[in-house]
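So the chains spell out like this:
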Amino acid sequence: MGREGRRAGSNNPEGEEDRESSAADPENPESMDEGMESPGTSQTTFENGSDSADSSQEATNGDGGGISIRDRLQTESSGGVFANKDLVRSDTIIDEDRIVGRDDQLGRVVDNLKPVLQNEGIPDMLLSGPSGTGKSLIIHAVCKQIVELCESQGKTFGVISINCEGPKTADRAVYRLVKAAADDLGVDPGVPQTGVSTDQKLERLYELMREYYDGVIFILDEIDMLEGPYQEAEYNSLIYQLSRARKLADFDGPISLTTITNYADFMKDLNSRAQSSYNPDDIFFDDYDATQLRSILKHRRDAFKPESLADDVVPLVAAFGSQTHGDARKAIDLLRWAGELAERRGADTVTETDVREAQEKYTENRKLRHISGISTQKKLSIYAVAATAHYAREHPEWIPAGPAFKTYQFIADTMDADQYSRETFVNHVTEQSTYGVLDFERRGKGRGRGVHMYFSLSEDPETIMETIREDSRFEDLAHEEATISAVVRERLKQFRSKN
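Residues numbered from 1 in each chain as written. Predicted model: local features only at pLDDT ≥ 70, side-chain atom pairs only at ≥ 80, totals over all residues. Heavy atoms only, no water.

(A) Spatial organisation of the overall build of the protein chain. The secondary structure content of the protein chain amounts to 18 helices and ten strands. Counting all 499 residues of the protein chain, 44% fall into the buried class. When the accessible area of the protein chain is evaluated, it comes to approximately 26100 Å², of which 43% is carbon and sulfur surface. (Helix = DSSP H or I, 4+ residues; strand = E, 2+ residues; numbered from the N terminus. Buried < 20%, exposed > 50% of the residue type's maximum accessible area, 1.4 Å probe, protein only. Areas by Shrake-Rupley, 256 points an atom, 1.4 Å probe, with all protein chains shown as cover.)

(B) Expanded view of the confidence of the model for the protein chain. Here the protein chain averages 83 in pLDDT, and 82% of its residues register 70 or above. Per-element confidence in the protein chain is highest for strand 5 (residues 215-221), whose mean pLDDT is 97, and lowest for helix 1 (residues 29-36), whose mean pLDDT is 38. Taken together, the stretch residues 1-62 has pLDDT below 50 and engages in 65 contacts with residues farther than four places along the chain or on a different chain. (pLDDT = per-residue confidence, 0-100. Contact = heavy atoms within 4.5 Å.)

(C) Fine view of the packing of helix 14 (residues 376-391) against helix 18 (residues 481-498). Between helix 14 and helix 18, the shortest axis-to-axis distance is 9 Å and the interhelical angle comes to 80 degrees. Between helix 14 and helix 18, the crossing angle belongs to the class labelled roughly perpendicular. Across the interface between the two elements, Ala 387, Thr 388 and Tyr 391 from helix 14 touch Glu 481, Ile 484, Ser 485, Val 488, Arg 489 and Leu 492 from helix 18. For the contact of helix 14 with helix 18, the per-class residue count stands at five nonpolar, two polar and two charged. (Axes fitted to C-alpha atoms, helices over the stretch in contact; angles between N-to-C directions. Parallel < 35°, antiparallel > 145°, perpendicular 65-115°, else oblique. Nonpolar A, V, L, I, M, F, W, Y, C, P; charged D, E, K, R; others polar.)

(D) Broad picture of the nonpolar core. Within the largest apolar cluster, 39 residues are counted, with the highest numbers of intra-cluster contacts made by Leu 205, Met 209 and Phe 218. Only strand 4 (157-163), helix 5 (170-185), helix 6 (198-212), strand 5, helix 7 (235-243) and strand 6 (255-261) provide two or more residues apiece to this core. Those residues in contact with Phe 218, other than ones at most four positions away along the chain, are Ile 160, Leu 177, Leu 205, Met 209, Leu 242, Ala 245, Ile 255, Ser 256, Leu 257 and Thr 258. In this structure, Ala 392, Ile 411, Val 429 and Ile 464 belong to the second largest nonpolar core, which totals 37 residues. (Core = buried A, V, L, I, M, F, W, Y, C linked by side-chain atoms within 4.5 Å.)

(E) Just unusual backbone geometry, in detail. In this model, Glu 222 sits at a positive phi of 50 degrees, which is unusual for a non-glycine residue. Residue position: Glu 222 is located in the loop between strand 5 and helix 7. With a relative accessible area of 26%, Glu 222 lands in the partly exposed category.

(F) Region of the structure containing the sheet that holds strand 7 (residues 281-284). Reading across from one edge, 4-5-6-3-7 is the order of the five strands in this open sheet, with parallel pairing throughout. Looking at strand neighbours, the two that pair on one side only are strand 4 and strand 7, the edges of this open sheet. The sheet shows a mean angle of 15 degrees between the axes of neighbouring strands, taken without regard to direction. Pairing of strand 4 with strand 5, which is carried by seven bridges, proceeds in the parallel orientation. Along strand 5, the bridge assignment pairs Ile 162 with Leu 220. (Pairing = 2+ DSSP bridges.)

(G) Just the pairing of strand 10 (residues 451-457), in detail. Across the seven residues that make up strand 10, a large majority, six, are buried. Judged from the two bridges that link them, strand 8 (residues 399-400) and strand 10 form a sheet pairing that is antiparallel. Looking at strand 10, one finds that Pro 400 is bridged to Tyr 454.

(H) Region of the structure containing the packing of aromatic side chains. Per the stated rule, a full pass over the model turns up seven aromatic pairs. Both rings, one in Tyr 408 and one in Phe 425, keep their centres 5.2 Å apart while their planes meet at 40 degrees; by these two values the pair is tilted. Of this pair, Tyr 408 sits in helix 15 (residues 401-415) while Phe 425 sits in helix 16 (residues 422-431); the two residues are 17 residues apart in sequence, bridging distant segments of the chain. Phe 425 matches Tyr 408 in its accessibility class, with the two residues each being buried. Ring centres 6.4 Å apart and planes at 75 degrees place the aromatic pair Phe 425 and Phe 455 in the edge-to-face group. Residue Phe 425 is found in helix 16, and its partner Phe 455 is found in strand 10; the two are separated by 30 residues along the sequence. Neither residue differs from the other here; Phe 425 and Phe 455 are each classed as buried. We note Arg 443 situated over the ring of Tyr 454; from NZ or CZ to the ring centre the distance is 4.2 Å. (Phe/Tyr/Trp six-rings, centres within 6.5 Å; stacked < 30°, edge-to-face > 60°. Lys NZ or Arg CZ within 6 Å of the ring centre and 35° of its normal.)

(I) Here's a closer look at the pairing of strand 5. The buried fraction of strand 5 is high, at seven of seven residues. By the alternation rule, side chains of strand 5 split into Gly 215, Ile 217, Ile 219 and Asp 221 and Val 216, Phe 218 and Leu 220, which are all buried. Relative to strand 6, strand 5 runs parallel, the two sharing six bridges. By the bridge assignment for strand 6, Ile 217 is matched with Ser 256.

(J) The arrangement of helix 3 (residues 103-113) in detail. Those residues of helix 3 lying buried are Gln 105, Val 109, Asn 112 and Leu 113. Taken around the axis of helix 3, the buried residues stretch over an arc of 90 degrees, which confines them to a single face. Seen from the open side of helix 3, the exposed residues pointing more than 90 degrees away from its buried face are Asp 103, Asp 104 and Asp 111. Check the buried side of helix 3 and you find it contacts strand 3 (125-128), helix 4 (135-152), strand 5 and strand 7. (Arc of directions from axis to C-beta.)

This is how it looks when you write it as structure tokens:
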């Protein structure tokens, strides 16, 4: 697990063995109790697979008292506003055949795939737009209906879908496609994950297509994440191969390659080979507005008990959602958080006050609390980005990854901390977009010349730096401002001179 790894139950952030332990006298039961539990710490020991010796074990609170974990878990809540909380989890699909607020996009996807039912050709598609705007929802919902209608005609339509954030290389992505097809068909993948070439994996994929499917759609979600370790992104070769699959596989049925990305200019970053073979119908998904979010949230009212949701709650959640992000998933989460706040105070109704408190916690404190809790290396990576933004003379909104990585290396040296590769640094930084800490985008340098990664922080850079310096391992960086500032400005100067 590396330097940031933690042992289960350890409060040591570096994951190292505790240097000290309380010595318990086996002849003195009181000393054993003191050794096992110190103020503010609960420690449970399991030996030889047995349960803890005291099933009603207490966890001490700050006053030295205790609460029974077992009693707390088994005590029924005095309040309760939820009838089925799963309905206000963003990964729960509600009436997927009745999609709200995406009529234009839904119509185009349906029209593009409908010819499958007549065994006619179908176009490639590119679904682009911000997170939480229905891209994945729509393509999978339509494909589900196509699969069922094809089955009623005695045909087999294959939906071979992967998320490209994990594989990192085209070779691994191809194996995941083989595995997805094999799992769908209930057969063995027929090739190992390693030890054979990418071409052999592709040929196995084509074999499965020819043997079992009458038509196929490949869905590559988050395609822009498939960058790989080389200057030219790995998604170029994968798109080139799959967009020519009908010819390469000697496949008679309809085939579509559908890519999904948040990056609006994705097509500009493809190399000439990929652009020449991949000419998709580009369907853009914009942010949801308040009316659309209100319709989406009304489909989730059954998550709550009758009369437990005040009339102004859904409109207010929708208004906050449209003003801040236009993301349906985040709006659904906000509705759930408001309900959870109501339950915590023992109320039987979710009110406007709960929504406003949930929104305040989401927008003001969540990001900095999250930063305080991440691992040392992730803090170091975010600190480098914040320092690059803060010390740059013109305080740009978007920070190039190259100078930020050089700043990371300098700060790691200053702290005598481990250094990781640029790829790991970028992964640590872009991961924080999931938590609203920053945004990132890729900008092309021209056809076939690769791309630059840029970061944009959603919080004040100086505030982020101050939050990270509250960690004792970073506090000395406050005395290195002049040096770090000089490094940042020199690295930015060098970057601009080359670009």
